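# Summary of structural features
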Amino acid sequence: MTRYFLTMPHDSADEPTMESMQAMDPAELAAVMAAVDEFNTALVESGAFRFAGGLHPPSTAKTVDASGAEPRVLDEPFVEAPLYVGGFWVIEAADERTAVEWATRASRALRTPIEVRALQQAPDA
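Basis of the calculations
The numbering scheme is per chain: residues are counted from 1 as the chain's sequence reads. Reporting of local features is limited, given that this is a predicted model, to residues whose pLDDT is at least 70; pairs of side-chain atoms are given and counted only at 80 or more, and all residues count toward the totals for whole chains, interfaces and linings. Hydrogens and water are ignored here; the side-chain numbers use all heavy atoms of the structure. Under the DSSP-based scheme used, a helix requires at least four consecutive residues in state H or I and a strand at least two consecutive residues in state E, with every element numbered from the N terminus. Relative accessibility decides the category of a residue: with a 1.4 Å probe and only protein chains considered, values under 20% of the type maximum give buried, values over 50% give exposed, and everything between is partly exposed. Should any heavy atoms of two residues lie within 4.5 Å, those residues are considered in contact. Values of accessible area rely on a 1.4 Å probe in the Shrake-Rupley scheme; residue burial ignores everything except the protein chains shown. In this scheme, strands are said to pair when DSSP sees at least two bridges between them. Lines fitted to C-alpha atoms define the axes, with helix axes restricted to the stretch in contact, and inter-axis angles between N-to-C directions lie between 0 and 180 degrees. By convention in these notes, a salt bridge is any Lys or Arg side-chain nitrogen within 4 Å of a carboxyl oxygen on Asp or Glu.

On to the overall build of the protein chain. If you tally the helices and strands in the protein chain, you get three helices and six strands. Going residue by residue from the N terminus, the α and β elements of the protein chain occur as β-α-α-β-β-β-β-α-β. Taking the principal axes of its C-alpha atoms as reference, the protein chain extends roughly 50 × 50 × 20 Å. Looking at the protein chain as a whole, 26% of its 125 residues are labelled buried. The contacts of the protein chain with a sequence gap of at least 6 include a subset with a gap of at least 24, amounting to 78%. For the protein chain, the accessible surface area stands at approximately 8,600 Å², while carbon and sulfur atoms represent 56% of it.

Here strand 1 (residues 2-11) runs beside strand 5 (residues 83-93); their pairing, made up of ten bridges, is antiparallel. Of the residues in strand 5, the one forming a bridge with Pro9 is Val85. In terms of strand pairing, strand 1 meets strand 6 (residues 115-118) through four bridges, oriented antiparallel. Within the sheet, the bridge partner assigned to Thr7 lies in strand 6 and is Glu115.

In spatial order, the strands read 2-5-1-6; together these four strands make up an open sheet with antiparallel pairing. Of all the strands in the sheet, just strand 2 (49-54) and strand 6 have a single pairing partner and so form its edges. Direction aside, neighbouring strands of the sheet carry axes that sit 20° apart on average. Bridging between strand 2 and strand 5 involves five bridges; their strand directions are antiparallel. The residue of strand 5 that forms the bridge with Gly54 is Gly87. Helix 2 (residues 26-46) contacts strand 2 and strand 5 of the sheet and is inclined by roughly 30° relative to strand 5.

Although it is not a glycine, Arg111 sits at a positive phi angle of roughly 60°. Among the structural elements, Arg111 can be located in the loop between helix 3 (96-110) and strand 6. Classification of Arg111 by relative accessible area gives exposed; the value is 52%.

To continue, consider the pattern of salt bridges. A complete count under the given rule lists seven salt bridges for this structure. A salt bridge links Glu115 to Arg117, with the nearest nitrogen and oxygen atoms 3.1 Å apart. Judged by its relative accessible area of 39%, Glu115 is partly exposed. Beyond isolated ion pairs, a larger network of salt bridges with shared partners links Arg3, Arg50 and Glu92.

Following this line, the structure appears as structure tokens:
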């Protein structure tokens, strides 16, 4: 089994947060939350779920650079981009096709694109 990283993007200009989601139409927000809950439940029940989480927006990021003589801590994201990872799931799937099927379900639930990437595995010794 391979672990896959499913990520959901957010628009950097908007930086949605749990608080800003409250500005959504209540019926639409309830529908999305119910769909995501259904998706998460299906992941857990299937045994594919490993871990998930939502991230605070890039404006809250710190970048630590200890590659020089003195470590530097910058109050900014590692990279500026029009989109950023707003949340993620780590799942386990038999193959990429299965991971894409899970991502399709997540995309439908959230009404946004979902990126799928396999986690690298250590080489056999």
